[in-house]
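# Geometric and topological summary
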Amino acid sequence: MGSGETSRGGSRHERVWETVPEGLDPPDLELRKRFLLDRAAELPDAGPAPVRVLDVGCGEGQLTAALADAGFAVTGLDVTEEPLRRARALRPELDLRLVPPEESWPLEDASFDVVWAGETIEHVADTAAWLSEVRRVLRSRGALLLSTPAHGRALLFSFALRPARFDAHFDPRSDHLRFYTRRSLARLLRDFRFESIDVREAGGAIPGARRLLLASARRSRF
């Protein structure tokens, strides 16, 4: 399961979190942490104030905490109370907020330098509304950083060889609603007027192993 996101149906995902053991690291945590911290550090210095980062779908807050420890001013959002309760128990000083699903985020326009969404966009039902919110809260030329499971040729080929794996992966009861390739994710970000888009595949090298997309993009000025 990913680290949560802000467009899931609340009660349904509360039930999902009841099945997740407390303290379980989300998939590819260290890989995503390196990507996030490296890319966030590349932003021009915001001046005397620290770089402002919004962690959308923060879950239990592992990466929210990593950002805070690295000196960023970070706010975590999730639509589900249970992971936020767990995060607050471990790091009560973090700024963690519960937000309603399918509604605008209670945040000011252009209030963040970076939006991070780890294993989140695949859960979003209304992708257009979600990306519009991302654009709204990002400052001009601010950075969107995200990760999502990859659906490249190797994975699709493995489905052709093992139909049961296809059925399990695309189980209609899963909370994964969207499935991205490098090309489809890059096209989506272009359509929403992001620039300097870089989408790369990373993760397990063994055939059939889980791989993910790591994407970065800049909000256009207008």
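The structure this text deals with has already been given above.
The paragraphs below set out a description of the structure included in this document. Just so it is clear, the model here is predicted, and its values are computed rather than measured. (Residues numbered from 1 in each chain as written. Predicted model: local features only at pLDDT ≥ 70, side-chain atom pairs only at ≥ 80, totals over all residues. Heavy atoms only, no water.)

## Overview of the packing of helix α2 (residues 29–41) against helix α3 (residues 62–69)
Closest axis-to-axis distance for the α2/α3 pair is 11 Å, and the angle between their directions is 40 degrees. What the angle tells us is that α2 and α3 run oblique. Crossing of α2 over α3 shows right-handed handedness. In contact with L29, R32, K33, L36 and L37 of α2, α3 contributes Q62, L63, A66 and L67. Residues belonging to the contact of α2 with α3 are distributed by class as follows: six nonpolar, one polar and two charged. (Axes fitted to C-alpha atoms, helices over the stretch in contact; angles between N-to-C directions. Helix = DSSP H or I, 4+ residues; strand = E, 2+ residues; numbered from the N terminus. Parallel < 35°, antiparallel > 145°, perpendicular 65-115°, else oblique. Left-handed = near helix turned anticlockwise from the far one by under 90°. Contact = heavy atoms within 4.5 Å. Nonpolar A, V, L, I, M, F, W, Y, C, P; charged D, E, K, R; others polar.)

## Considerations on the packing of aromatic side chains
Each pair of aromatic rings is reported with the distance of its centres and the angle of its planes. For the structure on display, the rule yields one aromatic pair. In this structure, R135 packs its charged tip against the face of F194, placed 5.8 Å from the ring centre. (Phe/Tyr/Trp six-rings, centres within 6.5 Å; stacked < 30°, edge-to-face > 60°. Lys NZ or Arg CZ within 6 Å of the ring centre and 35° of its normal.)

## Some words on the pairing of strand β5 (residues 138–149)
Judged by how many residues are buried, β5 sits mostly within the fold: nine of twelve residues are covered. Pairing geometry for strand β4 (residues 112–118) and β5, over six bridges, is parallel. Looking across to β5, one finds that V115 is bridged to L144. The parallel pair β4 and β5 is bridged by helix α5 (residues 127–137), and the resulting crossover is right-handed. Pairing geometry for β5 and strand β7 (residues 211–219), over seven bridges, is antiparallel. Counted as the bridge partner of P149 is L212 from β7. (Buried < 20%, exposed > 50% of the residue type's maximum accessible area, 1.4 Å probe, protein only. Pairing = 2+ DSSP bridges. Right-handed = clockwise from strand over helix to strand, strands pointing away.)

Scope: geometric values only; no functional claims are made or implied.
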